[in-house]
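# Descriptive analysis of the structure
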Amino acid sequence: DTEVTQTPKHLVMGMTNKKSLKCEQHMGHRAMYWYKQKAKKPPELMFVYSYEKLSINESVPSRFSPECPNSSLLNLHLHALQPEDSALYLCASRRDSPYNEQFFGPGTRLTVL
Amino acid sequence: DAKTTQPNSMESNEEEPVHLPCNHSTISGTDYIHWYRQLPSQGPEYVIHGLTSNVNNRMASLAIAEDRKSSTLILHRATLRDAAVYYCLFQDDYKLSFGAGTTVTVRA
């Protein structure tokens, strides 16, 4: 199984809603990532988890709250988002060597009204 | 952060080779050069990576200049399924920093 799955595929939420994005992999990878991608732009790194511990936070606003409950799961909790947060949110994973490739999921398309 | 420079776009005919250049003059001696591509409506996909020597795999070849200040991704026979944005980037420890990439269009 060399797949990273993400749910939901699409999400529409209001600015007062609380929602969560979910990412799952069963490749035994111990590094997991969240990226944000706006239309026609490259992905931007948000968070990195290494062995279920948050190792990198790229100065992301606190309305985005990541969680890694176990080695296979990565969540991104969303609260009080703004319309400019509408984007494709990508999850990725990688074996713990820094020179191995990252495997990306298909992303969740988020629209904030 | 080390930076890469790529052309905005390239066009190719089907079945012909595509050479995608990347400049990375600030690369350090231990940075690996990675290439990913992103097909429409999909997440990025790993293509190839290398350090100093040229590399080949089933998807592409990577030619790295002797001074490591540039590299070229070679798609040997482009197909319509190769139409994508191709990113040249470095993996700094755990981080991948994506540049703007090159949009490749393949004509039938």
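Above this text is the structure in question.
This write-up is about the structure you can find in this document. Quantities reported herein were computed from a predicted structural model and do not represent experimental measurements.

Residues and elements named next belong to chain A. In this structure the tally under the stated criterion is two disulfides over all chains. Through a disulfide, Cys23 is tied to Cys91; the S-S separation comes to 1.8 Å. Measuring handedness by torsion sign, the sulfur bridge of Cys23 and Cys91 sits at about -70° and is left-handed. Here Cys91 lies in strand β9 (residues 87-94) and Cys23 lies in strand β3 (residues 18-25), a separation of 68 residues in the sequence.

Residues Trp34, Phe64, Leu76 and Leu78 of chain A are the most contacted members of the largest nonpolar core, which totals 23 residues. When residues of this core are traced back to their parent elements, those giving at least two are β2 (10-13), β3, β4 (31-37), β5 (44-50), β7 (64-70), β8 (73-79), β9 and β11 (108-112) of chain A. Ala60, Leu62, Ile64 and Val106 of chain B belong to the second-largest nonpolar core, a separate cluster that totals 21 residues.

With that settled, the discussion passes to the interface of chain A and chain B. Listed by partner, the interface residues are 24 residues for chain A and 19 residues for chain B. Linking chain A with chain B are zero salt bridges, by the criterion used here. Across the contact surface, chain A and chain B share two residue pairs in polar contact (both at pLDDT 80 or more). Looking at the side of chain A that touches chain B, the elements that each hand over two or more residues are β4, β5 and β9 of chain A. Here the side of chain A that touches chain B gets four residues from one element, more than from any other, and that element is β4 of chain A. Here the residues of the side of chain A that touches chain B sort into 14 nonpolar, five polar and five charged.

As a further point, take the environment of Ala108 of chain B. Residues and elements named next belong to chain B. With respect to the secondary-structure elements, Ala108 resides in the segment after β10 (102-107). Note on Ala108: relative accessible area 85%, which makes it exposed. Counting along the chain gives 65 residues from Ala108 to Gly43, while the straight-line C-alpha distance between them is 24 Å.

Residues and elements named next belong to chain A. The four strands lie next to each other as β1-β3-β8-β7, forming an open sheet whose pairing is antiparallel. Each of the sheet's edge strands pairs with one partner strand only, and the pair in question is β1 (4-7) and β7. Averaged over all pairs of adjacent strands, the angle between their axes in this sheet comes to 20°, without regard to strand direction. Bridge count between β1 and β3: four bridges; the pairing is antiparallel. Residue Thr7 lies in a different strand from β3, and its bridge partner there is Lys22.

We now examine the pattern of salt bridges. Two side chains carrying opposite charge are able to pair once their charged atoms lie near each other. By the definition in use, this model includes eight salt bridges over all chains. Notably, a salt bridge pairs Glu52 of chain A with Arg30 of chain A, separated by 2.9 Å at the nearest N-O pair. Pair noted here: Glu52 of chain A is in the loop between β5 and β6 (53-57) and Arg30 of chain A is in the loop between β3 and β4, with a separation of 22 residues, a long-range link. When its relative accessible area of 28% is taken as the criterion, Glu52 of chain A is described as partly exposed. For Glu11 of chain B, the salt bridge goes to Arg107 of chain B, with nearest N and O atoms at 2.0 Å. Linking Glu11 of chain B in strand β1 (residues 9-13) with Arg107 of chain B in strand β10, this pair joins segments that are 96 residues apart in sequence. Among the residues examined, Arg107 of chain B registers a relative accessible area of 36% and is labelled partly exposed. A single network of salt bridges, built from pairs that share partners, joins Lys36, Arg63 and Asp85 of chain A.

What counts and how
Residues numbered from 1 in each chain as written. Chains lettered and ligands numbered in written order. Predicted model: local features only at pLDDT ≥ 70, side-chain atom pairs only at ≥ 80, totals over all residues. Heavy atoms only, no water. Disulfide = S-S within 2.5 Å. Helix = DSSP H or I, 4+ residues; strand = E, 2+ residues; numbered from the N terminus. Core = buried A, V, L, I, M, F, W, Y, C linked by side-chain atoms within 4.5 Å. Buried < 20%, exposed > 50% of the residue type's maximum accessible area, 1.4 Å probe, protein only. Contact = heavy atoms within 4.5 Å. Salt bridge = Lys/Arg side-chain N within 4 Å of Asp/Glu carboxyl O. Polar contact = N/O pair within 3.5 Å; in protein donor to acceptor, adjacent residues only side chain to side chain. Nonpolar A, V, L, I, M, F, W, Y, C, P; charged D, E, K, R; others polar. Pairing = 2+ DSSP bridges. Axes fitted to C-alpha atoms, helices over the stretch in contact; angles between N-to-C directions.

By themselves, these are just geometric observations and shouldn't be taken as functional.
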